[in-house]
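Residue-level structure breakdown
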Amino acid sequence: MGKIKDVLRANDSVLVFDIDGVLAVLEFGEYTHFVLTDEEWDALHSSGKSLYSEEKVSHKMQEFLKGKDMSRVYVITSSGSKGEGEAKRDFANKYYKIPRENVYYVDRNRTKLDILKSIKEKYPDLEDYKLVMIDDTCSVLNEIMDNSKFSTAHVSSFLDI
């Protein structure tokens, strides 16, 4: 079996989380995971409003991160606008205590791998496999897996950690 859970638990690992579906529970519709079009979502955040509130916090993830060295915890999230990116930065900082400067947002079409590489530069002695991207999108995880030696973890790994 894999060793990813050992790496996730290790104090010397650097953990990088996505927001939607990972740190934020994806429950934006009454009976569905989402309710708005991308255009409506972008307009909402451009107007300064945000749906990233305390009710979107994953208590499982909050508990997992409790006691971690938060200087070694990062976020890379996709964002359709600066307003959405800043809302996610506020959310990660307020509810998870992730330093604001450790939260990166990229446009929907940009790779997260470039940001992972820049984070790795801050830890030159860290073995590549100890930098972990945690996401719920397999295409993101596959791109990182296929083009780097960084570790990848699907959010489902946390269901029984």
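Up top is the structure.
Residues numbered from 1 in each chain as written. Predicted model: local features only at pLDDT ≥ 70, side-chain atom pairs only at ≥ 80, totals over all residues. Heavy atoms only, no water.

Some remarks on the environment of serine 78
Selection criterion: Put simply, DSSP H or I for four residues or longer makes a helix, DSSP E for two residues or longer makes a strand, and each gets a number counted from the N terminus.
Among the structural elements, serine 78 can be located in strand E2 (residues 73–78). Between the C-alpha atom of serine 78 and that of arginine 110, which follows or precedes it by 32 residues, the distance is 8.1 Å.

A closer look at helix H5 (residues 113–120)
To keep it simple, the criterion reads: Only protein chains enter the accessibility calculation, which uses a 1.4 Å probe. A residue is then buried if its area is under 20% of the maximum for its type, exposed if over 50%, and partly exposed in between. Each direction from the helix axis to a C-beta atom contributes to the arc, which is the arc of those directions. Here, residues are in contact when the closest pair of their heavy atoms is within 4.5 Å.
Residues of H5 that are buried include every one of Leu113, Ile115, Leu116, Ile119 and Lys120, and no others. For H5, the arc enclosing every buried residue in end-on projection is 155 degrees, short of the 170-degree limit, so these residues lie on one face. Buried residues along H5 sit in contact with strand E1 (14–17), E2, strand E3 (103–106), strand E4 (131–135) and helix H6 (138–147).

Some points on unusual backbone geometry
Even without glycine at this site, lysine 97 takes up a positive phi of about 65 degrees. Judged by its relative accessible area of 58%, lysine 97 falls in the exposed class.

Some remarks on the pairing of E4
Quick reminder of the rule: Pairing between two strands requires that DSSP report at least two bridges joining them. Here is how to tell: hold the view so the strands point away, follow the path from the first strand over the helix to the second, and if it runs clockwise the crossover is right-handed.
Counting buried positions along E4 yields five of five residues, so the element is predominantly enclosed. Side chains Leu131, Met133 and Asp135 of E4 all project onto a buried face; the interleaved residues Val132 and Ile134 project onto the opposite face, where all are buried too. The pairing of E1 with E4 spans four bridges and is parallel. Residue pairing in the sheet places leucine 15 in a bridge with valine 132 of E4. As paired elements, E4 and strand E5 (residues 151–154) share four bridges and run parallel to each other. Along E5, the bridge assignment pairs methionine 133 with threonine 152. Each parallel crossover has a hand, and the one from E4 via H6 to E5 is right-handed.

Side note on the packing of helix H2 (residues 38–46) against helix H4 (residues 82–96)
Just so we agree on the cut-off: Inter-axis angles, ranging from 0 to 180 degrees, are taken between N-to-C directions of lines fitted to C-alpha atoms, where helices are fitted over the stretch in contact. Oblique is the label for every angle not falling under 35 degrees (roughly parallel), over 145 degrees (roughly antiparallel), or within 65 to 115 degrees (roughly perpendicular). Note on residue categories: nonpolar means Ala, Val, Leu, Ile, Met, Phe, Trp, Tyr, Cys or Pro, charged means Asp, Glu, Lys or Arg, and polar means any other residue, Gly included.
Remark: H2 packs on H4, axes separated minimally by 7 Å, with the N-to-C direction vectors making an angle of 70 degrees. Considering the angle they form, H2 stands roughly perpendicular to H4. Contacts from Trp41, Asp42 and His45 of H2 reach H4 at Gly83, Glu84 and Ala87. Its residues placed into classes, the contact of H2 with H4 shows two nonpolar, two polar and two charged.

In short, shape yes, function no, at least from these values alone.
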